[in-house]
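# Summary of structural features
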Amino acid sequence: QVQLVESGGGLVQPGGSLRLSCATSGFTFSLYYMSWFRQAPGKEREFVAAINWSGGSTSYADSVKGRFTISRDNAKNTVYLQMNSLKPEDTAVYYCNAAWGAVNYWGQGTQVTVSS
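Presented here is a report on the structure given in the accompanying data block. Keep in mind that what you see is a predicted model, and the values were worked out from it rather than measured.

Criteria and cut-off values
- Residues numbered from 1 in each chain as written.
- Predicted model: local features only at pLDDT ≥ 70, side-chain atom pairs only at ≥ 80, totals over all residues.
- Heavy atoms only, no water.
- Helix = DSSP H or I, 4+ residues; strand = E, 2+ residues; numbered from the N terminus.
- Buried < 20%, exposed > 50% of the residue type's maximum accessible area, 1.4 Å probe, protein only.
- Contact = heavy atoms within 4.5 Å.
- Pairing = 2+ DSSP bridges.
- Patch = residues over 30% accessible without salt bridge, like charges linked within 9 Å, V, L, I, M, F, W, Y side chains within 5 Å.
- Areas by Shrake-Rupley, 256 points an atom, 1.4 Å probe, with all protein chains shown as cover.
- Salt bridge = Lys/Arg side-chain N within 4 Å of Asp/Glu carboxyl O.

Relative to the elements of secondary structure, Ser21 occurs in strand β3 (residues 18-25). Since its relative accessible area comes to 17%, Ser21 is described here as buried. Residue contacts for Ser21: discarding those within four places in its chain leaves Val5, Glu6, Ser7, Trp36, Thr78, Val79 and Tyr80.

Right under this line is the structure:
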């Protein structure tokens, strides 16, 4: 059974940091391209960051470049999103995605709220 379980969300003040984790099971994690997406209330889901199977290649949305860092630990079947200098506009539900060819898996999401 495929599982992607996000954790690490919560309430943080502007300028603060959070580290999201996505623990996976049920598929060969090291083969999959891993990404983070987010969805704010009333908006469409949008791409945040992605990392290739080895961790040697990453990409980011312009809105988070220089503030967020995606990483992975293939031994732990886990992908991470380090979020620094958080802004109110980063408030959203953050989702983990695993992709390999036409196969796509999603987690259930974790809420991140940036507010004073």
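Let us now look at the environment of Tyr80. Structurally, Tyr80 can be placed in strand β8 (residues 78-83). When residues no more than four places from it in sequence are discounted, the contact partners of Tyr80 are Arg19, Leu20, Ser21, Trp36, Thr69, Ile70, Ser71, Arg72 and Asp73.

Among all residues save glycine, negative phi is the norm, and among peptide bonds the norm is trans. Of note, the phi angle at Asn77 is positive, near 55°, even though the residue is not glycine. You can see Asn77 is positioned in the loop between β7 (68-73) and β8.

All right, on to the pairing of β8 then. If a strand is regular, its side chains alternate between the two faces of the sheet. Of all the six residues making up β8, five are buried; the element is thus mostly covered by neighbouring parts of the structure. Bridging between β3 and β8 involves six bridges; their strand directions are antiparallel. Bridge assignment links Leu20 to a residue of β8, and that residue is Leu81. Pairing between β7 and β8: six bridges, direction antiparallel. Bridge pairing links Thr69 to Gln82 in β8. From the end of β7 to the start of β8, which pair antiparallel, there are four residues, and Asn77 there has a positive phi angle of about 55°.

Another point: a nonpolar patch on the surface. A contiguous nonpolar patch, built from Leu31, Trp100 and Val103 and spanning about 280 Å² of accessible area, is present on the exposed surface. Among the secondary structure elements, Val103 is positioned in strand β10 (residues 103-106). For Val103, a relative accessible area of 30% translates into the label partly exposed.

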